[in-house]
Every structure is written in structure tokens, then in C-alpha cells.
Amino acid sequence: MVDLAHDLSVGHSSRLVAGLKRGGARLWIGVALVGILLLVSLLAPLIAPHDPIEQDLMSAQLPPAWINGGEPAYPFGTDSLGRCVLSRLIYSARTAVVVALIAASLAAVIGIAFGLIAGSFGGWVDQLTSRLIDVWMAFPPVLLSIVLAAVIGAGLTSVIAAIVVVDWTRFARVVRAETMTQLRRDYAAAARVIGLSRGGIMWLEILPNLVPLTVTLLAVEMGIAILVEVILSFVGISVAGDTPTWGGMIAEGRQIVHQAPWIMALPIGCIILSVIGFNLLGDGLRLLLDPVQRR
Amino acid sequence: MTPALFIQGLRVTIGAGTSAANVLRGVSLELQPGEVRGLVGESGAGKSMLGRAVLGLLPANAAIAAGRIAFEGRDLLAMREPERRSLLGRRIALIPQDPMTSLNPVKRIGAQVAILLRHHLASSRRAALQRAAELLAEVAIREPERVLGLYPHEISGGMRQRVLIAMAFACDPSLVIADEPTTALDVTVQRQVLQLVERLRQRHGAAVLFVTHDLGVVAKICRTMTVLHAGRVLEEGETAHVLARPGHPYTRALLAATPRADRPAEALRPVPPSLIENLWSEAHQFDRLAAAGPA
């Protein structure tokens, strides 16, 4: 008898290494950018040189330290009220990260639940859920967020609620489609043949197969949540007025963009780096988590 | 003695209304405990549909229009869903056609075998994994503990099929439906898989319905056989008898179309189209006319 048992490939430790290689530069840049963002927001009180709301009108609109007229005490200069721009950027990252993590996770949980139900039951359940999603998505998301924030009042909770209420559909649609695809595969039929219930198949067989997809989506969604938070704070219906936010900084900097362009440019740079970071992280994780290049 | 499987007048249709087509048109079949019956026929004869009907795996657009399927005297079609599920995987098992896709790609072999054992035998996780290792050893997999920790894509097709066979026999079923289990494998592996099925069947005393288009396989391991064509049973009986003196012209044609080492290739005779057409028209004409509706 030909021995097939020798036909085994890589072992456990090299599996992770292979995964990390598959992730490539995207994964590393993503991890680095998101890691810096998380660290900065976590350690904000330690690394910020000033209190972000401390005003010093004597040194208002100072340019960054390396430009002529700048002061080393204010590395990125000050805004029109003399507040340290670097400190405000650092504390803004906190708001952004809190919103991104909580809002994206909640949207994911709700969306995945709806997607699984629609995808596995099919028929009228699917029709109902899908039409609900369609109608939901016909609303302009930012407008819906603004209305929501206006109705339930400004504050961190309302920003998060606004994002969750709008963005669960993104997860629901993708998870529904993927659930249907996975259910058509032979292993799902095999799971039915071993007598698992519908819930058992969803939880034990289908959900693990959705992990790469949902993790990718979750990372991308965090980037989107940061953008929505920026938009809401830009129009002034995000967190309370004295809490620094990137959107708020842009709004303030806009008025004096000709005299002090850095006040607007720096938060924009932070936003771009954060969103790129989350997107690259999502991409890299998808490659890392996919045990086989199945598609 | 109560037959392990008793099918009477089974009619399965695909589609609805005027476009409905009959895939099985009154198939009756009986399988005694411990009997190995080959179910042969060309593509589209309905042999896989028959297996799927027994397992409750018919595609969404297919329906059982008439007939009875009884497992050990219990009507599978009238049975309530939880009761049917408790039989699947434990008393009735499937060896699927394609080992490449019938295992969940993102779960380790051990987890997949253990789920089956824990679901039906309610054993602890550790006991299930231990039993899983024994089962793999039973299907001649070397280093079973190591294989339990691998993902399906890390082992060969032949090994995957053995894992699936081990799973099919794991709970001592009394009926195993083997749906062309050797079709996706190369010839040397085919022989081992057949030997394995035969050995496990003897050890566990299960009745096997062996769905295949390969008369050589039937001759090797099936004591009885049923020839299916266009959704109808054309001929059945002892394998040796049917193969030596085929009663129906279609069976004769099928036999003449089987390559054999002791005959020159020129002696191969394809199933004559006229014969197929005759059978086809006999079997299908009315349905086709009915399906087309009034012209």
C-alpha cells in the first residue's frame, strides 16, 4: 500500500510565518500606523507636551518649531487661541480611536447577525432583511448621521450610535452574500448530513469561514468610522465643544488657513494616515488569515 | 427482517408548475442490513438524487412528489426534523463525492471529527479527540494525533477521503451512502479507498448504497446492484448475475462500453446513440411534451 501519511506539508510554527509573509508590506505598514495611533491615544497624557485646552493668548498662532518664529515648547505651533497643536492632535486621536473601535465593533456584530439570518433562512426572511438594507442604504449616510446626532444630542454616544445605525448594513450585505456562497459548498452539506442544526452549522461551520472577510471589513469600517467622526465634528455636532477632535481642528483652522495653514494641514495628515493604516491593516489581515488562497 | 433502507415509488421533480421535470420516476429499492448495493447509471440518471433524497439534501428547487423512504422501518419523509437530524451522521452516514471540498477549509481535522462525536455521543472534548485519533488510525492514517492538528489543505486528497470515511463510520451507522467516493481520486488511491470502505463495512456491519458509474467498482465490492437510467430502475439483482447475463439492452451497452485490460481498445463499444434515444424517448417524451406545454 502506498503510504499517503508522508504527504504532509508545513507544521504549526511555519504556518504563522507563512501567513506573515503572505501579509507582506501592507500588513506591516498597516500594523505600524494603527499601532502608533493606538499607542498615542493610549498614552496621550504622558506624551502630550501641554494640556490640550490650555489657552495662552500671548503665544497664539505660533508656527511649528522648525519654522522661523516658532518656539521649541510648541513643536507644531499653536492655534488662534494659543493652544498647543501637537497636544490637541494627540488628544483628538483618543476620540477618533474610541469612536472607531466601539462603533465599528457594534456595527459588525449587528450587521453579521442580520447577514447570517438573511443568508441562512433565505425566502421571505431574506427578502425582508434585504429590502430593509436597500431602503436604509438609499439614505445619504452623512445626512442620516447629522439628523441622528441632532435628534439624540451631541456627544460621544450619539456619534457612535449614528455610525452604528448607518454602517451595520455594510456588514449585513457582505455577510449575507458570503453566507449564501458558503452554504452552497460541499462542507456545508456535509455538516447537514452529520445532523447539525441550522444554528449549529452557522456557528460552527459558516462563521469561522467568514472571519477573514469580516476582519478585513472591520478594519476598513474603523477607517470609515474615523472619517464620519471627523465630518460630524467638523460640522460641530460631535463630542462636547472643548474636547479636541481632528474635525473640530480643521473647522477652526479653515478660518485662518492663509495665516496659519499648519493648523488645518496637520489634522488632515493625521486622518489620512489613520485611514490608510486601517485599510492596509485590513488588506494584510485578509491575506494573513486566509489559510488557503481559496478565491 | 426490516430492511435498512426501503424506497418505494419515489418520484422527485425539479422545478415547479409546467416547467417541472421528473428526475426520479417511481424508483423502488430495498437494502438489507449489511448489504452492499451498487447503484449504477450514466450522468443524469438520477443516482445522486436518490442518495440526496434519502439524506434530505435535495436542492431547493427539487421536491419529492410521491413515494416512501423508510430507514429501518421508520418513515424518513414523515419524520419530524429534530428526529431526522438525530439519525443523520449517527445511524445514516454519507461518504461524499469530493474530498477536496467536503471538509471545512478553515477548521482543523481534529475539530471536524470531534464535532461529529460530541454532537451525537455527547462526549467531552478530550475524549472526542482521543476517539478521533483512534478513528483515523482505523483508516490507516499514520501519526493520527499530528493529522488531527492539520488543516484540510495540508493533507492529500486520498487522506481527506479517508478522514471522511472515518467520519462516516464514526458512530457505527447502519446505513452508509457512498456518493461516488472514488471519482475524484486517482486510480491507485481508488483501490485503497475501496478496500477501506469494505473493511470498515464488515467491522461495523453497515449496509452501503454505493453510487457510482464505474462497473468495475461495483463488480469488486457490491454483492447486489441496481441499474438506473433516466430516473427509472432498469434492472437489479446479484452483481455477478447481472454482469454475466444482463437482461436489459441498456445494461449490455453499458457493459460493452467499459474498458477492460483483457480486451483490445478497439473492442470498446460506446453506448449506441439510437439505443439511448429510444430509451430517452420512451422515458422522457411525454414529460418533455408536458413540460413544453401547448405549442
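Residues numbered from 1 in each chain as written. Chains lettered and ligands numbered in written order. Predicted model: local features only at pLDDT ≥ 70, side-chain atom pairs only at ≥ 80, totals over all residues.

### Comments concerning the overall build of chain B
Short version of the rule: Where helices and strands are cited, they refer to DSSP runs of H or I of at least four residues and of E of at least two residues respectively, numbered from the N terminus. For the exposure call, what matters is how many other C-beta atoms sit within 10 Å of a residue's own: 20 or more marks it buried, 12 or fewer exposed, and in between partly exposed, using C-beta atoms placed from the backbone. Once C-beta atoms have been placed from the backbone, residue pairs whose C-beta atoms lie within 7 Å are recorded as contacts.
Within chain B, the regular secondary structure consists of 11 helices and 10 strands. With 295 residues in all, chain B has 43% of them scored as buried. Taking as baseline every contact in chain B between residues at least 6 positions apart, the subset at least 24 positions apart corresponds to 66%.

### Thoughts on the overall build of chain A
Across its full length, chain A carries 10 helices and zero strands. Going from N to C terminus, chain A has its helices and strands arranged as α-α-α-α-α-α-α-α-α-α. Considered along the principal axes of its C-alpha atoms, chain A spans approximately 85 × 50 × 30 Å. Counting only residues that meet the buried cut, chain A has 44% of its 295 residues in that class. Intrachain contacts of chain A at a sequence separation of at least 6 include 71% that bridge at least 24 residues.

### Comments concerning the sheet that holds strand β2 (residues 21-31) of chain B
By way of backbone hydrogen bonds, the strands of a sheet pair with one another, either parallel or antiparallel. Residues and elements named next belong to chain B. Which entries qualify depends on this criterion: Paired strands are those between which DSSP finds at least two bridges.
Within the open sheet, the four strands sit side by side as β2-β1-β4-β5. Their pairing is antiparallel. Strands at the two margins of the open sheet, each flanked by one partner only, are β2 and β5 (74-75). Pairing analysis gives eight bridges linking strand β1 (residues 5-14) to strand β4 (residues 62-71), with the strands arranged antiparallel. Residue F6 lies in a different strand from β4, and its bridge partner there is A70.

### Concerning unusual backbone geometry
At B:A140, a position not held by glycine, the phi torsion is positive, near 60°. By secondary structure assignment, the location of B:A140 is in the loop between α4 (125-138) and α5 (144-148).

### Topic: the sheet that holds strand β3 (residues 36-40) of chain B
Residues and elements named next belong to chain B. Threshold: Inter-axis angles, ranging from 0 to 180 degrees, are taken between N-to-C directions of lines fitted to C-alpha atoms, where helices are fitted over the stretch in contact.
Spatial strand order, β6-β7-β8-β3-β9-β10: six strands in an open sheet with mixed pairing. Bordering the open sheet on either side are β6 (92-95) and β10 (232-238), each of which pairs with just one other strand. Averaged over all pairs of adjacent strands, the angle between strand axes in this sheet comes to 15°, irrespective of strand direction. Sheet analysis places strand β7 (residues 175-179) next to strand β8 (residues 207-212), joined by five bridges and oriented parallel. Looking at the pairing, L175 lines up with A207 of β8.

### Some points on the packing of helix α8 (residues 198-234) of chain A against helix α9 (residues 246-255) of chain A
Residues and elements named next belong to chain A. The line we're drawing: Throughout, the term roughly parallel applies to angles under 35 degrees, roughly antiparallel to angles over 145, roughly perpendicular to angles from 65 to 115, and oblique to all others. Each crossing gets its handedness from the near helix: less than a right angle anticlockwise from the far helix is left-handed, clockwise is right-handed. Note on residue classes: Ala, Val, Leu, Ile, Met, Phe, Trp, Tyr, Cys and Pro are nonpolar, Asp, Glu, Lys and Arg are charged, and everything else, Gly too, is polar.
At a minimum axis separation of 7 Å, α8 and α9 run at an interaxial angle of 45°. One finds that α8 runs oblique with respect to α9. Where α8 crosses over α9, the handedness of that crossing is right-handed. Mapping the contact onto sequence places E229, V230, I231, L232, S233 and F234 in α8 and W246, G247, G248, I250 and A251 in α9. Class assignment for the residues of the contact of α8 with α9 results in seven nonpolar, three polar and one charged.

### A short note on the nonpolar core
Test applied: The term nonpolar core refers to a group of buried residues, namely Ala, Val, Leu, Ile, Met, Phe, Trp, Tyr and Cys, whose C-beta atoms join them within 7 Å.
Grouped together as the largest cluster of nonpolar side chains are 163 residues, with contacts concentrated most on A:I163, A:A225, B:L5, B:V113 and B:A166. Ranked by residue count, the leading element in this core is helix α3 (residues 85-121) of chain A, at 18 residues. If near-sequence neighbours (up to four positions away) are discounted, B:V113 is found in contact with B:A132, B:L135, B:A166, B:M167 and B:A170.

### Examining the confidence of the model for chain A
All names here are of chain A. Threshold: The pLDDT value expresses, per residue, how confident the predictor is, ranging between 0 and 100.
In the predicted model, chain A carries a mean pLDDT of 84, and 90% of its residues have values of at least 70. Confidence scores differ between elements of chain A, with helix α5 (residues 141-152) showing the lowest mean pLDDT of 76 and α3 the highest of 93. Low pLDDT, under 50, characterises residues 1-11; the predicted model gives this stretch 19 contacts beyond four residues in sequence or across chains.

### Considerations on the pairing of strand β9 (residues 224-229) of chain B
Residue and element names in this part refer to chain B. In terms of burial, β9 is a largely internal element, five of the six residues being buried. Sheet analysis places β3 next to β9, joined by four bridges and oriented parallel. Along β9, the bridge assignment pairs L39 with T226. Judged from the six bridges that link them, β9 and β10 form a sheet pairing that is antiparallel.

### Re the environment of B:M225
Residues and elements named next belong to chain B. Within the secondary structure, M225 sits in strand β9. For the pair formed by M225 and R37, sequence separation is 188 residues and the distance between their alpha carbons is 5.0 Å. Other than its neighbours up to four places away in sequence, M225 contacts R37, G38, V40, V218, E236, T239 and V242.

### Comments concerning the environment of B:A133
The residue B:A133 is located in helix α4 in this model. As a C-alpha pair, B:A133 and B:L94 span 39 residues in sequence and 20 Å in three-dimensional space.

### Details of the pairing of β3(B)
One face of the sheet, then the other: side chains in a regular strand alternate in exactly this way. Among the five residues that make up β3(B), five are buried, leaving the element largely enclosed by the rest of the structure. Here β3(B) shows two buried faces, one formed by B:V36, B:G38 and B:V40 and the other by B:R37 and B:L39.

### Remarks on helix α1 (residues 47-55) of chain B
Residue and element names in this part refer to chain B. Burial analysis of α1 places eight of its nine residues in the buried class, which makes it a mostly covered element. Within α1 the residues assigned to the buried category are K47, M49, L50, G51, R52, A53, V54 and L55. Following α1 by one or two positions, G56 adopts a phi angle in the positive range, close to 75°.

### Observations regarding helix α10 (residues 249-256) of chain B
Because each turn of an α-helix spans 3.6 residues, side chains separated by three or four positions end up pointing in the same direction. Condition: The arc in question is the one spanned by the directions pointing from the helix axis to the C-beta atoms.
Buried within α10(B) we find B:Y250, B:T251 and B:L254. Buried residues along α10(B) cover an arc of 100° about the axis, so they all sit on one side.

### Digging into the confidence of the model for chain B
All names here are of chain B. For chain B, the average pLDDT comes to 83, and 87% of its residues sit at 70 or higher. Counting interchain partners and residues more than four positions distant, the pLDDT-below-50 stretch residues 273-283 has 11 contacts. Across residues 285-295 the pLDDT falls below 50, and counting only partners more than four positions away or on other chains, this stretch makes six contacts in the model. This prediction of the complex comes with two scores: 0.78 for pTM and 0.77 for ipTM.

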